[in-house]
Each structure stands twice: as structure tokens, then as C-alpha cells.
Amino acid sequence: MKMPAVLSALILMCAMCIASSPAKASQIPDRAQLEKMSARFAPTRIQVDISGLSAGNRQALGKLIEAARILNDIYMRQLWSGDQALYARLQKERTPLGRARLHYFWINKSPWDDLNDFKAFIAGVPERKPLGANFYPEDMTREQFESWVKALPEKDQEQAKSFFTVIRWQSKGKLTWIPYSQHYRPELEHAAALLRQSATLTDNASLRKFLMSRAAAFLSNDYYQSDLDWMDLDSPLDITIGPYETYSDELLGYKAAFEAYVNLRDEKETQKLAAFAPHLQEIENNLPEAPQYRRAQLGALAPIRVVDEILSAGDGAHGVQTAAYNLPNDERVVQQKGSKRVMLKNIQEAKFQTVLVPISKRVLTPAEQKDVSFEMFFTHTVAHELMHGLGPQQIKVQGRDTSPRQELKELYAAIEEAKADVTGLFALQYMMDHSQQMGLGSVLPSDAAAQRQLYTTFLASAFRSIRFGLNEAHGRGTAVQLNYLLDKGGFVVNRDGTFSVDMAKIKEAVRDLDHEFLTLEAEGNYAGARQMLEHYGVIRPEVQRALDRLHDIPVDIEPLFVTADELAPGKK
Ligand code: ZN
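Residues numbered from 1 in each chain as written. Predicted model: local features only at pLDDT ≥ 70, side-chain atom pairs only at ≥ 80, totals over all residues. Heavy atoms only, no water.

**Observations concerning the pattern of salt bridges**
Applying the stated criterion to the full structure yields 31 salt bridges. K396 is the partner of D401 in a salt bridge, and the nearest nitrogen-oxygen pair spans 2.8 Å. Of the two residues, D401 and K396, both sit in the exposed class. Between E534 and R530 there is a salt bridge, and its shortest N-O distance comes to 3.5 Å. Residue E534 and its partner R530 are both found in helix α23 (residues 526-536); the two are separated by 4 residues, about one turn of the helix. Sharing partners across several salt bridges, the network here consists of D266, K268, E269, K272, K345 and E375. (Salt bridge = Lys/Arg side-chain N within 4 Å of Asp/Glu carboxyl O. Buried < 20%, exposed > 50% of the residue type's maximum accessible area, 1.4 Å probe, protein only. Helix = DSSP H or I, 4+ residues; strand = E, 2+ residues; numbered from the N terminus.)

Written out as C-alpha cells, the structure is:
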């Protein structure tokens, strides 16, 4: 799954909207409006130094880029039956309006606006992206699908609901499924051939194994073995390619869209992760919670890979760019091998420079702006991920064995995300305080400046998260943290409306807040969690005034894949 980037796209639509009516001309943006819409995504060169790759891997990389680009084509077919034809037509337009249309189409990979609930921005297409995309017949209703499935034998039901089949009318009123391997045969054969060529070029055995099994999966439609091989992938040249996320299927949430990420492993961050790992148990043993809630033995660490993205494609390359992902989604694989988190460091840095730095210039004092640091931002993001594995996991409520997730229900996501943020601050402070004993000097600076950077960067990034709104778990959890830390005096509002960190109070305030979150989870305290979110999960006037000053700051980046284009020229 992806990190929530904008408000959840799962907005329930009335049944009428399923039958698509064409977009009305009056609602279609003109050239100036289209250019403004595109400008919310700041064009950013994605350039990666691949000079450290072996000659074989460099050749292999070229083939992977070619294969990944094919997934743009499949994704467009998956989204809408008319998508590719429209794209071809837009590419021939030479007028300024035509160019503006093409530009925004390519950002969204469709004529529907990702940032505005997939409303059409080009005339003559359905008013909104079809809920079931092109995974199902456009005129099929959810009820028709469900009553058809109910009447099928169990084995066939699996195929109907599979991640990897499309649904079509077989005859009037009767549905059937078609495996992706058959439906997208020409594209998948081409992509599989490129993966196999790449496999013969690389010198990394785990990459070769994955590429061969994924190529086979493209043609057999059985992804299981290749998902296992992807979990074992450990290579300087890193790739994720295949049908994964089901967000594009807003009708039923069954069908996986094709996406690809071609990445280079970040060796420095990989070392940092390895340096943190042996100290996690000690951090757990010192968490600010009652000692009986601490876990004597942490579970195995879920694998985390830090990489720089060279190219993203398909479902991984529209609207707000993916900053990190957790895969696979196949429960059988997750049970057997867990899941792997991939963090796209250069994409996060691009977002940081494009969005967070401009935000910090408006919400912080000039003196504190200097303390906003990408290295610290990213180190905290890594700590956030690690902290999901610390704190209460298996708990007892009135003698019952249960979990924080089961007890906190719909409030769990906001509390858990906030817990990971604050425990991340706590853990980094702890490691800074014990840097010498832990031997972390080379991976984690711990002087006074570094400590200021940690909290100041966190303060600035709080405004970035809240900007996405309180309906989303990260946004709401961030509002809780910001308000609590303001009340405790760790953060302060200045007379001119800017915000500052009070270094004399912030550490204590973070401990107190972490104690609150950890205790809510350890006790499975639903009522307490609700009270906390209602009291603190709000936007207060002083925060609103700061948010009001951020309107013209870009929402995200538009990646320009410079390195990928040099290795294997793309279209557009
Ligand atoms: Zn998280």
C-alpha cells in the first residue's frame, strides 16, 4: 500500500454516476486554468548517479527502463477504454491549448484530475473517471457483479474476484473473466522479453531470479513465486514491476493496476538502517510507558529498502508521486514472508525542496529556517517506519487477547501514525543522547545543532501534513501532535504568526505525548483515543492563519526522468 498522499480517493458516488455522462463544456477548464492546474506540480529533474553500477547492471538497467515504460501503456488501457486513443490525439495537437491539455493529461495519465476527485478536464470524455475503470464493463453495476459471483462455484468466484482478471460481458446479461496474461498479452510478452534480457545482463543473482520469475508470471498470470522472489530481492539495482495496487478499482477494490519503479539502492541509508537495528530493543526497553507494557522481545524487523527512483510508470506515476510503498498485497506471501517497505529517498527530497522548504519560509522565523534539514527529515521518516514495529502490539483488555488495532478500530490509523511520528522523535533523541555508547557517531549527528534540526524540521513538516486535511489519518494525527506540543510549550507561536521550537521544553513535551499514545494503545482505550482526537485533532485559529499563507505553494512535483531518458529515450 502507498503512504496516504492526498485525501482518500474512495469517495462514495451515487449509483447514477456509474453510467457515465459526458463532461459539460462549461465545466472544462480553459488554457489558463489548465496551466494553473499543472503548476501545482513543480517540474523536477529526477537525476540519479548510476556510475557505481557494474557494466552488466548498467546494461540491465536500460532494459528495465524499457520494460517499465510498457506499463504506462497497460495502465492507460486499464484506466479507460478511450485513454490511449485520446493520448494519441492530444500528442498531435499543436495549439497552446492542445499542449496544455497534453501536459495535464500526462501528469494524470488520463483526462481526469487526480487532485479534484477525478473530474474531467477535457471535453467529450465521461464527466468523471468510471468507478470500475476499465476493469469491468462500463455499464455493469456492482449488484450485477455480485449476483453473478454468488452463483459461481467457489473456484470460479476466486477468478472473478482475482487481482489479475478483467471482467467483460460474455453475452447479454452474462459476465465472464479474462486473465491479465491473456487480456494484455502483446504488452506483457514484450515486457517479459525485456525482463529476461535484463536478467541475462545483471550480475546480481537475486535480481536475475526475480526478473525471470516475474517474466514468467506476466505470461502465466500466477504471481505467487515472483512475489516471494521480490521479497528476497537484494541488489544495487532494485525494481518493482507488476500489477499491485487496487485503488483504481473504486467500484469493488479487487483489480490491481500495473505499475513499475526502477530504483538504485542508497548504500548510505542502508548502512544507517543497519546501524539503528541493533538498538531497537534498548529503545523499546526505555519507551515512556509503564514498564509492564514494554515488550521483552521485539518481533523480526520488517525489511526496509532505501532507494533513489530512476523511473516510475503506470499506476506509480500519476498525480501525487509515491514517496514510499509497502508490498506485496497478496496475503499468502505476507503470511509467509512478511512485506517489504521501499522508501524513495530522492523523491522525498524533491518533495522536501519543492513543498516543505517554501512552507518553512512562511511558518518559521528566519533564524529557524536554517535548521530545516532534509537529512534530518529523512532520518525521522526512517525512524517513523521503524517505530511501527515498537510499542504495544499484542495486548490484554479485561483478560482478552487483542491488539490496539482491534480495540481502537477506525481511530487506530490516526493514533498509530501519530505514535510512529512521536516515538520516532523520542527514539532519535534517545540515540543522540547515547550516540557514543551505541557507536552511532558516523550515521547520526547528535550535537546541539542536530537536535535543533530534528524538532524544527518536524515542526515545519507538520504544516505540510495538516495541509492535506483532517479527514486523512496522517493529517489528523499531525494536528493532535502540533496542538499538544503547543499546549506543553515545546512549540510556541510568535507575535508575527510564525512558529518556533522551545528547546528547553520540547524533549519533555515529546516524552509526555509519547506516553499518552503508547498508553492508549497498551490499554486499547477507545474512549480515550476518541477524546484525544476530538480535543487535539482540530485546526486552531493560529494554525489556520499559517495555513492560509500556503495556498500558492506547489502540492507536489512533476518528475522529469532525466537519467532514465538518457539510458532509454521515452515518449511524451
Ligand atoms: Zn506510518
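Resuming the write-up.
**A few points about the packing of aromatic side chains**
Throughout the structure, instances matching the rule amount to 24 aromatic pairs. With a centroid separation of 5.2 Å and 70° between ring planes, the pair formed by W80 and W112 is classed as edge-to-face. Of this pair, W80 sits in the loop between α2 (55-79) and α3 (83-92) while W112 sits in strand β2 (residues 112-113), and the two are 32 residues apart along the sequence. Both residues of the pair, W80 and W112, belong to the buried class. With a centroid separation of 6.1 Å and an interplanar angle of 35°, the aromatic rings of F374 and F377 are classed as tilted. With a gap of 3 residues between them, F374 and F377 both fall in helix α16 (residues 374-387), about one helical turn apart. Among the aromatic residues, ring-to-ring pairing joins F163, F164, Y180, Y184, F218, Y223 and F258 into one connected group. Above the face of the W230 ring, K340 is positioned so that its terminal group lies 4.0 Å from the ring centre. A cation over an aromatic ring shows up here: K409 above the ring of Y526, its NZ or CZ 5.1 Å from the ring centre. (Phe/Tyr/Trp six-rings, centres within 6.5 Å; stacked < 30°, edge-to-face > 60°. Lys NZ or Arg CZ within 6 Å of the ring centre and 35° of its normal.)

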